[in-house]
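Overview (structure and organization)
In case you want the letters, here they are:
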Amino acid sequence: MARRGEPAGALESAPPRPFPLAGGRVVFVPDDDGRRGWTMQVDGVPSSHVDLDDPTRLDFEYMRWVGDVLDVAFPPGDPVRAVHVGGAGCTLPRYVAATRPGSRQTVLEIDAAVLDAARDALGLRSSKLLRLRVCEGREGLAGLPDASQDVVVRDAFDGSQVPAHLTTVEFLREVRRVLAPDGVYLANVADTPKMSLARGEAASALAVFAHVALAAEPGQFHGRRYGNVVLAASVRPLPAAALGRRLASGAVRARLLVDVEVRGFASAARPLADPPA
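My aim in this report is to walk through the structure given alongside it, one point at a time. (Residues numbered from 1 in each chain as written. Predicted model: local features only at pLDDT ≥ 70, side-chain atom pairs only at ≥ 80, totals over all residues. Heavy atoms only, no water.)

To continue, consider the sheet that holds strand E1 (residues 26-30). The three strands lie next to each other as E1-E2-E3, forming an open sheet whose pairing is antiparallel. Each edge of the open sheet is held by one strand with a lone partner, namely E1 and strand E3 (45-51). Averaged over all adjacent pairs, the angle separating strand axes in this sheet is 25°, with direction ignored. Inspection of the sheet shows strand E2 (residues 37-42) paired to E3 by six bridges, in the antiparallel sense. Residue pairing across strands places Trp 38 opposite Val 50, the latter belonging to E3. (Pairing = 2+ DSSP bridges. Helix = DSSP H or I, 4+ residues; strand = E, 2+ residues; numbered from the N terminus. Axes fitted to C-alpha atoms, helices over the stretch in contact; angles between N-to-C directions.)

Within the fold, Gln 105 resides in strand E5 (residues 104-109). Separated by 2.7 Å, the side chains of Gln 105 and His 84 make a polar contact. Not counting the four nearest positions on each side in its chain, Gln 105 is found in contact with Ala 82, His 84, Leu 92, Pro 93, Val 96, Ala 97, Leu 129, Leu 130 and Arg 131. (Polar contact = N/O pair within 3.5 Å; in protein donor to acceptor, adjacent residues only side chain to side chain. Contact = heavy atoms within 4.5 Å.)

Here we come to the sheet that holds strand E4 (residues 81-85). What holds strands together in a sheet is hydrogen bonding between their backbones, with the strands either parallel or antiparallel. The sheet built from eight strands is open, its strands ordered E6-E5-E4-E7-E8-E10-E9-E11 with mixed pairing. The sheet is open, and its two borders are formed by strand E6 (130-134) and strand E11 (255-258), each paired with just one other strand. On average, each strand axis in the sheet is inclined to that of its neighbour by 15°, with strand direction left out of account. For strand E7 (residues 149-154) and strand E8 (residues 179-191), the ladder comprises five bridges, and the chain directions are parallel. Looking at the pairing, Val 153 lines up with Leu 186 of E8. Helix H2 (residues 91-99) rests against E4, E5, E6 and E7 of the sheet, and its axis sits at about 180° to E5. Its contacts with the sheet place helix H5 (residues 169-178) against E7 and E8, and it is angled at close to 145° to E8.

We now examine the environment of Gly 227. Turning to its location among the elements, Gly 227 is positioned in strand E10 (residues 227-234). Residue class for Gly 227 comes out buried when judged on its relative accessible area of 4%. Distance in space between the C-alpha atoms of Gly 227 and Met 195 is 9.4 Å, their sequence separation being 32 residues. The contacts of Gly 227, once residues within four sequence positions are left out, are Val 189, Ala 190, Asp 191 and Gln 220. (Buried < 20%, exposed > 50% of the residue type's maximum accessible area, 1.4 Å probe, protein only.)

Here we take up the packing of aromatic side chains. The final tally for this structure, using the stated rule, is four aromatic pairs. Relative to Tyr 185, the ring of Phe 171 lies with its centre 6.3 Å away and its plane at 70°, an arrangement referred to as edge-to-face. Pair noted here: Phe 171 is in helix H5 and Tyr 185 is in strand E8, with a separation of 14 residues, a long-range link. Through pairs of rings, three or more aromatic residues link up here, namely Phe 171, Tyr 185 and Phe 209. The aromatic ring of Phe 221 is capped on one face by Arg 255, whose charged end is 5.4 Å from the ring centroid. (Phe/Tyr/Trp six-rings, centres within 6.5 Å; stacked < 30°, edge-to-face > 60°. Lys NZ or Arg CZ within 6 Å of the ring centre and 35° of its normal.)

Now for the pattern of salt bridges. Scanning the model with the defined rule gives 16 salt bridges in all. Among the ionic pairs, Arg 36 bridges to Asp 53, the shortest N-O distance being 3.0 Å. Of this pair, Arg 36 sits in the loop between E1 and E2 while Asp 53 sits in the loop between E3 and helix H1 (61-73), and the two are 17 residues apart along the sequence. Residue classification places Arg 36 among the partly exposed positions, given a relative accessible area of 29%. In this structure Asp 53 comes out as partly exposed when scored by relative accessible area, which is 33%. (Salt bridge = Lys/Arg side-chain N within 4 Å of Asp/Glu carboxyl O.)

Moving on, we get to the nonpolar core. Residues Leu 141, Tyr 185, Phe 209 and Leu 214 are the most contacted members of the largest nonpolar core, which totals 38 residues. Elements that contribute at least two residues to this core include exactly E4, H5, E8, helix H6 (196-208), strand E9 (211-216), E10 and helix H9 (260-265). The greatest single-element share of this core, amounting to six residues, is contributed by H6. Once you skip the residues sitting within four places of it in the chain, Leu 214 turns out to touch Ala 202, Phe 221, Val 229, Val 230, Leu 231, Arg 255, Leu 256, Leu 257, Val 262 and Phe 265. Counting 28 residues, the second-largest nonpolar core is a separate cluster that includes Leu 58, Trp 65, Val 80 and Val 258. (Core = buried A, V, L, I, M, F, W, Y, C linked by side-chain atoms within 4.5 Å.)

Quick look at unusual backbone geometry now. In this structure, Asp 43 is a non-glycine residue whose phi angle is positive, near 55°. Looking at the secondary structure, you find Asp 43 in the loop between E2 and E3. The class for Asp 43 is partly exposed, based on a relative accessible area of 49%. Its identity is not glycine, yet Ala 147 carries a phi of approximately 55°, on the positive side. Along the chain, Ala 147 falls in the loop between helix H4 (137-142) and E7. For Ala 147, a relative accessible area of 36% corresponds to the partly exposed category.

And the structure:
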């Protein structure tokens, strides 16, 4: 039986199988450490890690940082309304459901084959608390009412790149429209040592939201490695002190930039915009 607050069916199927699903595009690879952890690869790219026995285990470092933001941005255990742009193995929806029972979540996943693989391998099913939709993310957001969500998470990729239309000021205005006044936007940015993508996305967020934070491994801010940057944005102040302590004490230490520091980081970048119609 699924644990309290988990998406229906999340633990009720057989374990994933380490062979291709969805025409060979999706493969589940076991952790090989005695636990029931699996990495979901899409077109050869690791896209999600899921532990069937522990939905609070966030193995990817950037996902742990996203979890840290959620843990401190809202009262512990309180349910939230969340929409996820990009689904893959639904690691974060499982985490939210386990840590915040009663949360109502929607997953917008453009790739039907990916969502079908998650259903087949992980037993994920739509329910009153978890809606799984095959839908382009921006289109899905457009259909949501104003101020209807506490959290919007963007973790969507086309190969190794975030689709450009999910990075612009126009997209972020749509995110802000659907967020409640105290809502939080979270985005996963995979970037090179120059961090040009993160600077552009930070500039876009600063053009729409009053408060913006960035979290990344310190070496990345120093231009020494490729990796993930987590962007958080809100119209209300973010809990910088509590978040900074969490990020600094994690298994993979992260550095936090907030507001003025983000403005300095993004000062040479222009906000990203949709192409002219």
